[in-house]
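Residue-level structure breakdown
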Amino acid sequence: MELQILGSVAPFCRLDKNCPGFLVTDGLNKILLDCGPGVPRLIDMETMLENLNIIITHLHKDHYGGLLELGYASHVYHNLGYLKQKINIYIPKEYKISADLYDYNYLINFGEEQYFDLKIYNEYNCNRNLKIGDINISFKKTKHNITSYAIKLEYNGYKLCYSGDTGYDESLCEIFSNADLLICESTFLRGQHQKGNNHLYAYEAAKLAKLSNVKQLMLTHFWPTIDKKLYRKEAREIFKNTIVAEEGKKLILK
């Protein structure tokens, strides 16, 4: 099982940095966790579209905006006879205000120029029931201003967790517990101000990693103009085994 980092910043791309996207490959099966703007730039369309599954954690555009480009690419490749199986797209059911429903309705009415199979999920109809290849997938709702989910992938004793977007919430330790790798958002640094509790500071991501007894923490969801080394430095004060997500980097997980 391999992890490739396709995007690590938000809410916009900058230079060689893309919005969130993490590709897990297990044999023929591929699971892309979020598909933000810029992510398709690092996808090898010739080889990676077949058997591709995309799970969107929530309906903010920095986490699904890459679907527009990927959708049209899938349409063209299918028409040329290069893509035989639809790309599975899992999007969360959104129950909240009309501003959020706009994004939900946009995705479920994506148009004809795509080769997608859209699947609507929530933590109840998928939790512990979703399986792609040999990977078991479960979900936990996070604290965010719209419906958002953390995700756990389990394969042959290996646990990979991805926070999605979240405010500080120690109940997430339930799903993060004893993970081999936690990919966790870290939007802010100490001294920066955020309104509400919709995102994490780097030190808060480190606290969750420590409380969850994870083996390794990978920080992501950085502000595009801030040096990632500053996030790592802040987190390592609490959790030493911290690395930062870097576009194009690959890790062998299992």
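An account of the accompanying structure is given in this report. (Residues numbered from 1 in each chain as written. Predicted model: local features only at pLDDT ≥ 70, side-chain atom pairs only at ≥ 80, totals over all residues. Heavy atoms only, no water.)

**Section: the sheet that holds strand S9 (residues 149–155)**
Counted only if it meets this: Each pair of strands is called paired provided DSSP finds at least two bridges between the two strands. Helix and strand assignments come from DSSP, with helices taken as H or I runs of at least 4 residues and strands as E runs of at least 2, each series counted from the N terminus. In this description, a line fitted to the C-alpha atoms serves as the axis of each element, helices being fitted only across the stretch in contact, and the angle between N-to-C directions of two axes falls anywhere from 0 to 180 degrees. Contacts are assigned to residue pairs that have any heavy atoms within 4.5 Å of one another.
Pairing within the open sheet is mixed, and its seven strands lie in the order S7-S8-S9-S10-S11-S12-S13. Two strands bound the open sheet, and with one partner strand each, they are strand S7 (130–132) and strand S13 (242–244). For this sheet the average axis-to-axis angle between neighbouring strands, irrespective of direction, equals 20°. Sheet analysis places S7 next to strand S8 (residues 135–141), joined by three bridges and oriented antiparallel. What sits directly across from leucine 130, in S8, is isoleucine 137. Here helix H7 (residues 202–211) sits on the sheet in contact with strand S11 (181–185) and strand S12 (217–220), set at roughly 155° to S12. Of the strands in this sheet, S12 and S13 are in contact with helix H8 (residues 228–236), which crosses S13 at around 165°.

**Things to note about the pattern of salt bridges**
If charged atoms from side chains of opposite charge come close, those side chains can pair. Inclusion rule: One speaks of a salt bridge when a side-chain nitrogen belonging to Lys or Arg is within 4 Å of a carboxyl oxygen belonging to Asp or Glu. Burial status follows relative accessibility: with a 1.4 Å probe on protein chains alone, a residue under 20% of its type maximum counts as buried, one over 50% as exposed, and anything between as partly exposed.
Scanning the entire structure with this criterion turns up eight salt bridges. Two residues, aspartate 103 and lysine 61, come together in a salt bridge whose shortest N-O distance is 3.0 Å. Here aspartate 103 is found in helix H4 (residues 98–108), whereas its partner lysine 61 is found in helix H2 (residues 61–64), with 42 residues between them in sequence. Owing to a relative accessible area of 47%, lysine 61 belongs among the partly exposed residues under this scheme.

**Notes on the nonpolar core**
Note the threshold: We define the nonpolar core as a collection of buried residues of types Ala, Val, Leu, Ile, Met, Phe, Trp, Tyr and Cys that are connected through side-chain atoms lying within 4.5 Å of one another.
The biggest cluster of nonpolar side chains holds 56 residues, and the ones touching the most others in it are Ile55, Ile137 and Met218. Within the second largest apolar cluster, 28 residues are counted, among which are Cys35, Met48, Leu67 and Ile146.

**Brief notes about the packing of aromatic side chains**
Two numbers describe a pair of aromatic rings. These are the distance of the centres and the angle of the planes. Just so we agree on the cut-off: Aromatic rings from Phe, Tyr and Trp, taking only the six-membered ring of Trp, are treated as a pair when their centres fall within 6.5 Å; an angle between ring planes under 30 degrees marks them as stacked, one over 60 as edge-to-face, and anything in between as tilted. A ring has a charge above it when a Lys NZ or an Arg CZ is no more than 6 Å from the ring centre and no more than 35 degrees off the ring normal.
Considering all chains together, one arrives at 12 aromatic pairs under this definition. A connected cluster of aromatic rings, assembled from ring pairs, spans Tyr64, Tyr106, Phe110 and Phe116. Sitting above the plane of the tyrosine 203 ring, arginine 190 keeps its charged end 4.4 Å from the centroid.

**A short note on the sheet that holds strand S14 (residues 250–252)**
Read across the open sheet, the seven strands follow the order S6-S5-S4-S3-S2-S1-S14; overall the sheet is mixed. Every interior strand has two partners, whereas the edge strands, strand S6 (116–121) and S14, have only one. Adjacent strand axes in the sheet meet at a mean angle of 20° when their direction is disregarded. Pairing between strand S4 (residues 52–55) and strand S5 (residues 87–92): three bridges, direction parallel. Bridge assignment links isoleucine 54 to a residue of S5, and that residue is isoleucine 89. Where helix H3 (residues 67–79) meets the sheet, its contacts fall on S4, S5 and S6, and the angle it forms with S6 comes to roughly 140°.

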